[in-house]
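So the chains spell out like this:
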Amino acid sequence: IMILKMLKKRWYGIANEKKELTTIRIGDIRFTIFKKSALKFNKRFPRQLGWTDKQFKMSEQIRKRKYKPRGKHPNITKDNVCVDGHHRLAALLEYYGEDYEITVGKSKYTYGYIFWLAILSFPLIKTIYRNDKDLNG
């Protein structure tokens, strides 16, 4: 059970980590671990992502330069892989190109670390969450 608690603590640490705000070119962000080229990923914009009505509205705001992130920035890993904000980045890339610079929250963890921690611990953490929920009502 000690290993489960350690994995849970590490997962909470990643999820609740205060990310460092930094400025980066959109072209330097990897949308997935397999495709380094942002334009290659974005070739079929906006079809490569599922878009809600709210996300389409946000895309139009970005196009018209009226989008305000209100402190919620896209998040990337230490090795520049996007983990949150794919739709915003795809719209910014489409309308302003790879050289456009934006502010992102940058994690101190690499994508590989987060990925393997999730793969190894998810079934265990899911059990812990279920048990916590049962105990706490």
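For the structure itself, look to the data block above.
The following paragraphs examine the structure supplied in this document. Within each chain, residues carry numbers counting from 1 in the order of the written sequence. Local features in a predicted model are, by the rule used here, given only for residues with pLDDT of at least 70; side-chain atom pairs are given and counted only at 80 or more, and totals for whole chains, interfaces and linings are based on all residues. By convention in this description, side-chain values take in all heavy atoms of the structure and omit both hydrogens and water.

1. Topic: the sheet that holds strand E3 (residues 82-84)
Here comes step 1: Being paired, for any two strands, means DSSP has found at least two bridges between them. Only runs of H or I of at least four residues qualify as helices and only runs of E of at least two qualify as strands under DSSP, and these elements are numbered from the N terminus. An order of E1-E4-E2-E3 is seen for the four strands of this open sheet, with the pairing classed as mixed. Looking at the sheet topology across the chains shown, the edges are occupied by strand E1 (20-25) and E3.
Here comes step 2: When checking whether two residues touch, look at their non-hydrogen atoms; a contact exists if any pair is within 4.5 Å. The convention used is that axes are lines fitted to C-alpha atoms, helices contributing only their stretch in contact, and that angles between N-to-C directions extend from 0 to 180 degrees. Contacting E3 and strand E4 (101-106), helix H4 (residues 86-96) runs over the sheet at an angle of about 125° to E3.

2. Digging into the environment of Thr-22
Here comes step 1: With respect to the helices, strands and loops of the structure, Thr-22 is situated in strand E1.
Here comes step 2: Buried means the residue's accessible area, taken with a 1.4 Å probe over protein chains only, is under 20% of the maximum for its type, while exposed means over 50%, and partly exposed covers the values in between. On the accessibility criterion, Thr-22 (24% relative accessible area) is partly exposed.
Here comes step 3: In the structure, Thr-22 is positioned 80 residues away from Ile-102 in sequence and 8.2 Å away in space, judged by C-alpha atoms.
Here comes step 4: Contact partners of Thr-22, with chain neighbours within four places excluded, come to Ile-102, Thr-103, Val-104 and Lys-106.

3. Quick word on the nonpolar core
Here comes step 1: The set of buried Ala, Val, Leu, Ile, Met, Phe, Trp, Tyr and Cys residues whose side-chain atoms join them within 4.5 Å is what this entry labels a nonpolar core. With 20 residues, the main nonpolar core has Ile-29, Phe-31 and Ile-102 as its most contacted residues.
Here comes step 2: Elements with a contribution of two residues or more to this core: helix H2 (38-41), helix H3 (53-63), H4 and E4.
Here comes step 3: With six residues, H4 is the single largest residue contributor to this core.

4. Some words on the side chain of Arg-88
Here comes step 1: Here Arg-88 shows up in helix H4.
Here comes step 2: Those residues in contact with Arg-88, other than ones at most four positions away along the chain, are Met-58, Ile-62, Tyr-67, Lys-72, His-73 and Pro-74.

5. Concerning the layout of surface pockets
Here comes step 1: Roughly 370 Å³ of internal volume is contained in the largest pocket.
Here comes step 2: Lining the largest pocket are 14 residues, and of these Lys-54, Met-58, Gln-61, Tyr-67 and Arg-88 sit closest to its centre.
Here comes step 3: At five residues, the largest contribution of residues to the lining of the largest pocket is made by H3.
Here comes step 4: Here a cavity denotes a set of grid points, spaced 1 Å apart and computed over the protein atoms alone, in which a 1.4 Å probe fits but from which it cannot get out, and a pocket denotes an open set meeting protein on both sides within 12 Å along at least five of seven lines; residues with an atom within 4 Å of a point are reported as lining. Grid points are joined across faces, edges and corners, and a volume is the space filled by probe spheres set on the points. Its volume calculated, the second largest pocket comes out at about 260 Å³.
Here comes step 5: Looking at the second largest pocket, it is lined by 14 residues, and the ones nearest its centre are Tyr-67, Pro-69, Leu-92, Tyr-100 and Ile-102.
Here comes step 6: Those elements that place two or more of their residues in the lining of the second largest pocket are H4 and E4.
Here comes step 7: As a working rule, the residues Ala, Val, Leu, Ile, Met, Phe, Trp, Tyr, Cys and Pro are called nonpolar, Asp, Glu, Lys and Arg charged, and the rest polar, with Gly in that last group. Residues that form the lining of the second largest pocket fall into these classes: eight nonpolar, two polar and four charged.

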